[in-house]
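# Geometric and topological summary
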Amino acid sequence: MRETGVASAEDQTRVYRVGAAPALLRVVEGPGQGSVLVLHRAVHTVGRREGCDLMLPDPRVSREHLRVERDASGTEVVDLGSTNGTFVNGQRVQRCRLQHGDRIQLGGVVLEYVEAP
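Only a predicted model underlies this, so the values are computations on that prediction, with no experimental measurement involved. (Residues numbered from 1 in each chain as written. Predicted model: local features only at pLDDT ≥ 70, side-chain atom pairs only at ≥ 80, totals over all residues. Heavy atoms only, no water.)

### Description of the pattern of salt bridges
Where charged atoms from two side chains of opposite charge come close, those side chains can pair. Counted according to the given criterion, the structure contains eight salt bridges. For the salt bridge of Glu-76 with Arg-95, the shortest nitrogen-to-oxygen distance reads 2.5 Å. Of this pair, Glu-76 sits in strand 6 (residues 74–79) while Arg-95 sits in strand 9 (residues 95–97), and the two are 19 residues apart along the sequence. Looking at Glu-76, the relative accessible area reads 17%, which means it is buried. Arg-95 sits in the partly exposed class, given a relative accessible area of 46%. Here the salt bridges share partners, and the residues they tie into one network are Arg-67, Glu-69, Glu-76, Arg-95 and Arg-97. (Salt bridge = Lys/Arg side-chain N within 4 Å of Asp/Glu carboxyl O. Helix = DSSP H or I, 4+ residues; strand = E, 2+ residues; numbered from the N terminus. Buried < 20%, exposed > 50% of the residue type's maximum accessible area, 1.4 Å probe, protein only.)

Structure, rendered in structure tokens:
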């Protein structure tokens, strides 16, 4: 605050971190290979249904297969009761916190979780 008792714009500027660091899911194997979903919201859906944030045209992927949840503490993948399951680094999961480089398999599709440096 300046000596005049009036706060300058600089004094009023605050930086707040909203959510986790920027991240994305990249399709590295299977139908849709090369597709990327930038995780810019708190919740994203992945599945075969056309309205999903990442639509995967694989019959082994459920219509709404999984949900990606993000907050200030990180990113989690949540299986939505899919028929064929969700696997992170080869282990079947219902819910799993993701780390940079994790591989998520659903049906014949493999996604890679990538965090910005």
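We are not done yet, so read on.
### Describing the sheet that holds strand 1 (residues 23–29)
The sheet built from six strands is open, its strands ordered 2-1-11-10-7-8 with antiparallel pairing. Both outer strands of the open sheet, strand 2 (36–38) and strand 8 (91–93), are each paired with one neighbouring strand and no more. Taken over all neighbouring pairs, the strand axes of this sheet differ in orientation by 30 degrees on average, direction set aside. Sheet topology places strand 1 next to strand 2; three bridges connect them, and they run antiparallel. Its bridge partner being in strand 2, Arg-26 is matched across the sheet by Val-36. (Pairing = 2+ DSSP bridges. Axes fitted to C-alpha atoms, helices over the stretch in contact; angles between N-to-C directions.)

### Re the nonpolar core
Grouped together as the largest cluster of nonpolar side chains are 21 residues, with contacts concentrated most on Leu-25, Val-46, Leu-56, Ile-104, Leu-106 and Leu-111. Secondary-structure elements contributing two or more residues to this core are strand 1, strand 5 (66–71), strand 10 (103–106) and strand 11 (109–115). Leaving out residues up to four positions away in the same chain, Leu-25 has contacts with Ser-35, Val-36, Leu-37, Leu-39, Val-46, Val-68, Ile-104, Leu-111, Glu-112 and Tyr-113. (Core = buried A, V, L, I, M, F, W, Y, C linked by side-chain atoms within 4.5 Å. Contact = heavy atoms within 4.5 Å.)

### Examining the side chain of Glu-112
Position of Glu-112 among the secondary structure elements: in strand 11. A polar contact of 2.6 Å, which involves the side chain of Glu-112, links it to the side chain of Arg-26. Beyond its immediate stretch of four places on either side in the chain, Glu-112 contacts Leu-24, Leu-25, Arg-26, Val-28, Gly-101, Asp-102 and Arg-103. (Polar contact = N/O pair within 3.5 Å; in protein donor to acceptor, adjacent residues only side chain to side chain.)

### As for the side chain of Asp-58
Its place among the elements puts Asp-58 in the loop between strand 4 (54–55) and strand 5. Side-chain polar atoms of Asp-58 contact the backbone nitrogen of Gly-108, separated by 2.9 Å. Aside from chain neighbours lying at most four places away, what touches Asp-58 is Pro-31, Arg-48, Gly-107, Gly-108 and Val-109.

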